[in-house]
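# Summary of structural features
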Amino acid sequence: VAGGAAKTTIPPGGNWTFTAIFVPRDLGMAHGLLTIETSKGSFQYPIQGDGVPNAYRATPLVDVKISSGLSFKPTFELYNPHPEPLHISEVYTNQGFLHLVLPSDASKGASKRGQGRKS
């Protein structure tokens, strides 16, 4: 659960649902433990996921160190492995420290055959 979850009270017989996002850094199996702290104590839930090759050739942005107050403007590329156009309907983040700026022209930044954007 990114950044922790808000405190929640579950009524007797009730349920609470949350989303955990698996973002592998490497290919292969990754194992972890999800710890849930409650008023009745804590319990652990084993989790695992399998990092597989990404058909869109997206690469993670990890282990970047940036001094406070400075901007970092990486370029992200997505490859379209499909025989028809890939329409991007939304790009979002739930991280407060990130600000996304997308091209205002739908065709800006796109190129054929994964050649990347020409600057």
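Thresholds, definitions, all that
Residues numbered from 1 in each chain as written. Predicted model: local features only at pLDDT ≥ 70, side-chain atom pairs only at ≥ 80, totals over all residues. Heavy atoms only, no water. Helix = DSSP H or I, 4+ residues; strand = E, 2+ residues; numbered from the N terminus. Contact = heavy atoms within 4.5 Å. Areas by Shrake-Rupley, 256 points an atom, 1.4 Å probe, with all protein chains shown as cover. Phe/Tyr/Trp six-rings, centres within 6.5 Å; stacked < 30°, edge-to-face > 60°. Buried < 20%, exposed > 50% of the residue type's maximum accessible area, 1.4 Å probe, protein only. Polar contact = N/O pair within 3.5 Å; in protein donor to acceptor, adjacent residues only side chain to side chain. Pairing = 2+ DSSP bridges. Patch = residues over 30% accessible without salt bridge, like charges linked within 9 Å, V, L, I, M, F, W, Y side chains within 5 Å. Salt bridge = Lys/Arg side-chain N within 4 Å of Asp/Glu carboxyl O. pLDDT = per-residue confidence, 0-100.

## Concerning the overall build of the protein
A tally of regular secondary structure across the protein gives zero helices and two strands. Across the protein, the fraction of contacts at a sequence separation of at least 24, relative to all contacts at a separation of at least 6, is 27%. Surface exposure of the protein reaches about 11300 Å², of which carbon and sulfur atoms provide 53%.

## Notes on the packing of aromatic side chains
Counted under the stated rule, the structure contains one aromatic pair. Look at Trp16 and Phe18: their rings are 4.8 Å apart centre to centre, the planes differ by 35°, and that puts the pair in the tilted class. Accessibility expressed as a relative area gives 35% for Trp16, which makes it partly exposed. Of the residues examined, Phe18 reaches a relative accessible area of 30% and is grouped as partly exposed.

## Details of unusual backbone geometry
One non-glycine residue, Arg57, lies in the positive phi region at around 60°. Along the polypeptide, Arg57 turns up in the segment after β2 (41–51). Judged by its relative accessible area of 52%, Arg57 is exposed.

## A word on the environment of His82
For His82, the location among the structural elements is in the segment after β2. Looking at His82, its side chain comes within polar contact range of the side chain of Tyr56, at 2.9 Å.

## Thoughts on the pairing of strand β1 (residues 28–38)
Each regular strand displays side chains that alternate between the two surfaces of the sheet. Relative to β2, β1 runs antiparallel, the two sharing eleven bridges. By the bridge assignment, Leu33 is partnered in β2 with Pro46.

## Description of a nonpolar patch on the surface
Residues Tyr56, Leu78, Leu86, Ile88, Val91, Leu100 and Leu102 make up a contiguous nonpolar surface patch of roughly 630 Å² in combined accessible area. Within the element layout of this structure, Ile88 appears in the segment after β2.

## So, the confidence of the model for the protein
For the protein, the mean per-residue pLDDT works out to 80, and 82% of the residues sit at or above 70. Here residues 114–119 scores under 50 on pLDDT; set against residues more than four positions off or in separate chains, the count is seven contacts.

## What to know about the environment of Pro74
Structurally, the position occupied by Pro74 is in the segment after β2. In sequence terms Pro74 and Leu61 are 13 residues apart; their C-alpha atoms lie 8.7 Å from each other.

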